[in-house]
Amino acid sequence: MSPHIALFGCGYWGKNIARNLHELGALKMVCDPSGAGQSKAREMAPEVDVVPDFNEAFLNEDIKGVAIATPAETHFELASCALKSGKDVFVEKPLALNAGEGQRLSQLAREQDRILMVGHLLEYHPAVEHLNRMTEKKELGELRYIYSHRLNFGKVRTEENALWSFAPHDVAVILRLTGEMPQEVHCTGGSYLTPGLADVTMSMLKFKSGVRAHVFVSWLNPFKEQKLVVTGSERMAVFNDVVEDKLILHEQRVEFQGVQPLLRDQGTEVVELPDAEPLRKECEHFIHCIEHRQQPLTDAESGVRVLKVLDACQKSMDLNGKNIIL
């Protein structure tokens, strides 16, 4: 039997977690103070306990794990309470709203000997898993440059800016692909809808290895774009999550004849990927980690690394684009 898991929040994204945990036979309780969230939970899983108070999960000894899909500003407090009550915890990104809080949660999980997993969903995408294997084997050659675009028209947030809402996924993937933390970051942004809350941001990351990366996010874009481009010395890869052929390899490189650069283009290759829902794989991984007492791929430490980069980007943006040394 799957471990009993309580879901906190059955709203915009929480309902998708509810669907997957329910289909996996692990969802035993939904806690949501809103009437709309309670109604959605009862509709999706009529046999599951639906309650307005998070404390009911903390006090229930049958609940072994908690999945938190509430607004980001509540993550730290709810995750802390869940860990202290002896629950394993999955927290949607971001783990917290600053690296200090993330480190405290990581330490608390170690003290309580509990699983703490962060919802960096892209790391469970078959295309990203394939890219990870390629970079580990240096099948693209030496990494040179990575960029990501995560753009859409909405969903506009009023509690967190576009950097904190959209960029954690891409930062997590870039850190995984490079295997290192950036030495320096630079970030600029613009606030057009809510004063002091950036709707558009551009973050530049510089790594010791020489790799550079940029992350462009916006919820004020006329079309949806979710694209990650990885440039290596031998090949280039494009992960485009809004098209059918999600991962394409470009057999392109630059060679030199003396001092003359020569462009070599040997065409493209579409990578066949398994038809697997990343969120389903993420939920299965959380269940597996609870059952086998295994540290997750996206563990607390990976969540803290992402928070450190986001903190530095936010600081840079607050200082009008000043370079920040990590």
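Residues numbered from 1 in each chain as written. Predicted model: local features only at pLDDT ≥ 70, side-chain atom pairs only at ≥ 80, totals over all residues. Heavy atoms only, no water.

(A) Representation of the sheet that holds strand β10 (residues 212–218) in the model. Strand order in the open sheet formed by 9 strands is β14-β13-β12-β11-β7-β10-β9-β8-β15, with mixed pairing between adjacent strands. Each end of this open sheet is capped by a strand with a single partner; those strands are β14 (260–270) and β15 (324–325). Pairing of strand β7 (residues 143–153) with β10 involves 7 bridges; the strand directions are parallel. Across the sheet, I146 pairs through a bridge with A213, a residue of β10. Of the strands in this sheet, β7, β8 (182–190), β9 (200–207), β10 and β11 (220–232) are in contact with helix α7 (residues 162–178), which crosses β7 at around 155 degrees. Most of the contacts of helix α9 (residues 300–318) go to β8, to which it runs at about 50 degrees, and overall it touches β8, β9 and β15. (Pairing = 2+ DSSP bridges. Helix = DSSP H or I, 4+ residues; strand = E, 2+ residues; numbered from the N terminus. Contact = heavy atoms within 4.5 Å. Axes fitted to C-alpha atoms, helices over the stretch in contact; angles between N-to-C directions.)

(B) Region of interest: the side chain of R235. Following the sequence through the fold, R235 ends up in the loop between β11 and β12 (236–240). The exposure class assigned to R235 is buried, which follows from its relative accessible area of 16%. Side-chain polar atoms of R235 contact the backbone oxygen of E139, separated by 3.2 Å. In this view, R235 contacts M134, E139, L140, V230, L249, H250, E251, Q252 and E269; residues no more than four positions away in its chain are not counted. (Buried < 20%, exposed > 50% of the residue type's maximum accessible area, 1.4 Å probe, protein only. Polar contact = N/O pair within 3.5 Å; in protein donor to acceptor, adjacent residues only side chain to side chain.)

(C) Representation of the pairing of β11 within the structure. Where β7 and β11 come together, 9 bridges link them in antiparallel fashion. By the bridge assignment, L151 is partnered in β11 with E225. Pairing between β11 and β12: 5 bridges, direction antiparallel. Among the inter-strand pairings, V230 is bridged to a residue of β12, identified as A237. In this antiparallel pair of consecutive strands, β11 and β12, the connection spans 3 residues.

(D) Structural detail: the packing of aromatic side chains. If you walk through the whole model with that rule in mind, you get 5 aromatic pairs. Measuring from ring centre to ring centre gives 5.6 Å for F8 and F58, while their planes differ by 70 degrees; the resulting arrangement is edge-to-face. Highlighted residues: F8 in strand β1 (residues 5–8) and F58 in helix α3 (residues 55–59), separated in sequence by 50 residues. With respect to class, F8 is no different from F58; both count as buried. Consider the rings of Y145 and Y147, whose centres lie 6.3 Å apart with planes at 50 degrees: the pair is tilted. (Phe/Tyr/Trp six-rings, centres within 6.5 Å; stacked < 30°, edge-to-face > 60°.)

(E) Just helix α1 (residues 14–23), in detail. The set of residues buried in α1 consists of G14, N16, I17, A18, N20 and L21. In the stretch just after α1, G25 is the one whose phi turns positive, near 75 degrees.

(F) Fine view of the side chain of S302. Mapped onto the secondary structure, S302 falls in helix α9. Setting aside its immediate chain neighbours within four residues, S302 contacts H120, R176 and L297.

(G) View of the nonpolar core. If you look at the biggest cluster of nonpolar residues, it comprises 72 residues, and the most contacted ones within it are F8 and L116. Looking at this core element by element, the count peaks at 11 residues for α7. Excluding residues within four positions of it along the chain, F8 makes contact with C31, F54, A57, F58, V66, A67, I68, A69, T70 and L78. One finds V50, F286, I287 and C289 within the second-largest nonpolar core, a separate group that totals 26 residues. (Core = buried A, V, L, I, M, F, W, Y, C linked by side-chain atoms within 4.5 Å.)

Taken by themselves, the reported measurements are silent on function.
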